[in-house]
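# Fold and contact review
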Amino acid sequence: MKLALISLLLLLCILTVAAMALEKPFVDKSACVGCKDCAGICPTAAISLESEKASIDPEICIDCKLCIQACPFKAIKDIK
Ligand code: SF4
Ligand code: SF4
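To start, this report covers the structure provided alongside it. Just so we're clear, the structure is a prediction, and the values are computed from it rather than from any experiment.

### As for the overall build of the protein
Looking only at helices and strands, one finds 3 helices and 4 strands in the protein. Order of helices (α) and strands (β) in the protein, N terminus to C terminus: α-β-α-β-β-α-β. Burial analysis of the protein (80 residues in total) assigns 21% to the buried set. Sequence separation of 24 or more characterises 54% of the internal contacts of the protein that already satisfy a separation of 6 or more. Here the protein has roughly 5700 Å² of accessible surface; of this, 67% comes from carbon and sulfur atoms.

Structure (C-alpha cells):
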C-alpha cells in the first residue's frame with residue numbers, strides 16, 4: 001500500500017514538472033533570424049543558438065517573458 005502511494009506521488013511530481021516545462025515560451029524556428037536579442041536579455045541564460053536559431057531550455061527558463069517582448073520578429077510564443 002505504501003509503495004503504491006509513493007509511486008502515485010512520484011508520478012504526480014513527474015507530471016507536474018513536465019507540465020511546467022511545456023508551459024514555457026517556445027521559439028517559432030521559421031520566424032527566428034538568429035539575431036540573439038532574446039539571448040542578450042534573458043536573465044537566466046536559458047536561450048542559446050542552435051543552427052542559427054534560438055532555442056529555450058525549459059529547465060532553466062523562469063518564464064519571465066522578457067524574450068517575448070525583446071524579439072523584433074515575434075518569433076517567441078507563449079502557449080498560455
Ligand atoms: S530575438 Fe527573435 S529572431 Fe532574434 S534570435 Fe531571438 S527568437 Fe530569433
Ligand atoms: S521567459 Fe525569461 S527566462 Fe525564459 S527564456 Fe525568456 S527571457 Fe529567458
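Here the narrative resumes.
### Remarks on the site of ligand 2
Neighbouring ligand 2 are Pro25, Cys42, Pro43, Thr44, Ile47, Ile56, Cys61, Ile62, Asp63, Cys64, Lys65 and Cys67. Here the shell around ligand 2 is composed, by residue class, of 9 nonpolar, 1 polar and 2 charged.

### Focus: the environment of Ile62
Within the secondary structure, Ile62 is located in the loop between strand E3 (53-56) and helix H3 (66-70). Classification of Ile62 as exposed rests on a relative accessible area of 54%. In sequence terms Ile62 and Ala46 are 16 residues apart; their C-alpha atoms lie 8.6 Å from each other. Setting aside chain neighbours within four positions, we find Ile62 in contact with Pro43 and Thr44.

### Quick look at the nonpolar core
Of all hydrophobic cores here, the largest spans 13 residues; its most connected members are Val27, Cys38, Ile47, Ala54, Ile56, Cys67 and Ile76. Not counting chain neighbours up to four residues away, the residues in contact with Val27 comprise Cys32, Ala54, Ser55, Ile56, Ala75 and Ile76.

Definitions and limits used
Residues numbered from 1 in each chain as written. Chains lettered and ligands numbered in written order. Predicted model: local features only at pLDDT ≥ 70, side-chain atom pairs only at ≥ 80, totals over all residues. Heavy atoms only, no water. Helix = DSSP H or I, 4+ residues; strand = E, 2+ residues; numbered from the N terminus. Buried < 20%, exposed > 50% of the residue type's maximum accessible area, 1.4 Å probe, protein only. Contact = heavy atoms within 4.5 Å. Areas by Shrake-Rupley, 256 points an atom, 1.4 Å probe, with all protein chains shown as cover. Near = heavy atom within 4 Å. Nonpolar A, V, L, I, M, F, W, Y, C, P; charged D, E, K, R; others polar. Core = buried A, V, L, I, M, F, W, Y, C linked by side-chain atoms within 4.5 Å.

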